[in-house]
Amino acid sequence: MYQSKVEATDIFQALAEKTRLRIMRIMVAHPRAEACLCDMTDSLLEPEHNVSRHLKILRQVGLLSAYKEGRWVYHQLVNSSHIKPFYKLIAKIPDGEGIFAADLKRFNQELSKRAAARCIKDGPRFKGEKAKSGEA
């Protein structure tokens, strides 16, 4: 199995960007969760291309892993003893402005929409919502 060397400076540099920190705070709050790009874009209220780029960077530094299932890519925390101290640190960062609390609330709403723990963004319910908004 391939294992990359964890560089603390790379991790801190990745976490210095606000959107990446918001992603990690959500994931650390749900350590067993698997999140797709749709979940993150709806939770963070950020454009898909932006969130996708940030997820890629978090994977590259070893904080997240991903696997593909059909057309969806699911992201999860890396289960490594070398990385877990960073997760503990992220969990302890204060949320003075309430941004994380709002992100987490939206993420929990996204998770509650799922059927069988999988993304439903291309299902009949989603297509109905797009049609109502005039996008379909």
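Use the structure listed above.
Please read these numbers as outputs of a predicted model, since none were measured by experiment.

Student: Please provide a residue-by-residue account of helix H4 (residues 48-60), values included.
Tutor: Its 13 residues place the ends of H4 18 Å apart at the C-alpha level, agreeing with the 18 Å of an ideal helix rising 1.5 Å per residue. Listed in full, the buried residues belonging to H4 are Asn50, Val51, His54, Leu55 and Leu58. One side of H4 carries all its buried residues, which in axial view fall inside an arc of 130°. Opposite the packed face of H4, turned more than 90 degrees from it, sit the exposed residues His49 and Gln60.

Student: Let's hear about the pairing of strand E3 (residues 72-77): which residues, and what values?
Tutor: Where strand E1 (residues 35-36) lies against E3, two bridges are found, and the strand directions are antiparallel. The residue of E3 that forms the bridge with cysteine 36 is tyrosine 74. Sheet analysis places strand E2 (residues 64-69) next to E3, joined by six bridges and oriented antiparallel. Looking across to E3, one finds that tyrosine 67 is bridged to tyrosine 74. In textbook terms, the turn of a hairpin is the stretch between consecutive antiparallel strands, and for E2 and E3 this stretch comprises two residues, one of which, glycine 70, has a positive phi near 65°.

Student: If you had to explain the sheet that holds E2 to someone new, which residues and values would you point to?
Tutor: Ordered by their spatial adjacency, three strands build an open sheet running E1-E3-E2, and the pairing between neighbours is antiparallel. Across the chains shown, the open sheet's two edge strands, defined by having one partner strand only, are E1 and E2.

Student: Residue-level account of the packing of aromatic side chains, with values.
Tutor: With the rule as written, the count across this model stands at two aromatic pairs. Each ring, one from phenylalanine 12 and one from phenylalanine 86, has its centre 5.4 Å from the other, and the planes form 70°; the classification is edge-to-face. Of this pair, phenylalanine 12 sits in helix H1 (residues 8-15) while phenylalanine 86 is found in helix H5 (residues 84-91), placing the two residues 74 residues apart along the sequence. Judged by relative accessible area, which is 43%, phenylalanine 12 ranks as partly exposed. The lysine or arginine in question, arginine 25, covers the ring of phenylalanine 100, its NZ or CZ lying 4.5 Å from the ring centre. Looking at arginine 71, its charged tip hangs above the ring of tryptophan 72, at a distance of 4.9 Å from the centre.

Procedures and definitions
Residues numbered from 1 in each chain as written. Predicted model: local features only at pLDDT ≥ 70, side-chain atom pairs only at ≥ 80, totals over all residues. Heavy atoms only, no water. Helix = DSSP H or I, 4+ residues; strand = E, 2+ residues; numbered from the N terminus. Expected span 1.5 Å × (residues − 1). Buried < 20%, exposed > 50% of the residue type's maximum accessible area, 1.4 Å probe, protein only. Arc of directions from axis to C-beta. Pairing = 2+ DSSP bridges. Phe/Tyr/Trp six-rings, centres within 6.5 Å; stacked < 30°, edge-to-face > 60°. Lys NZ or Arg CZ within 6 Å of the ring centre and 35° of its normal.

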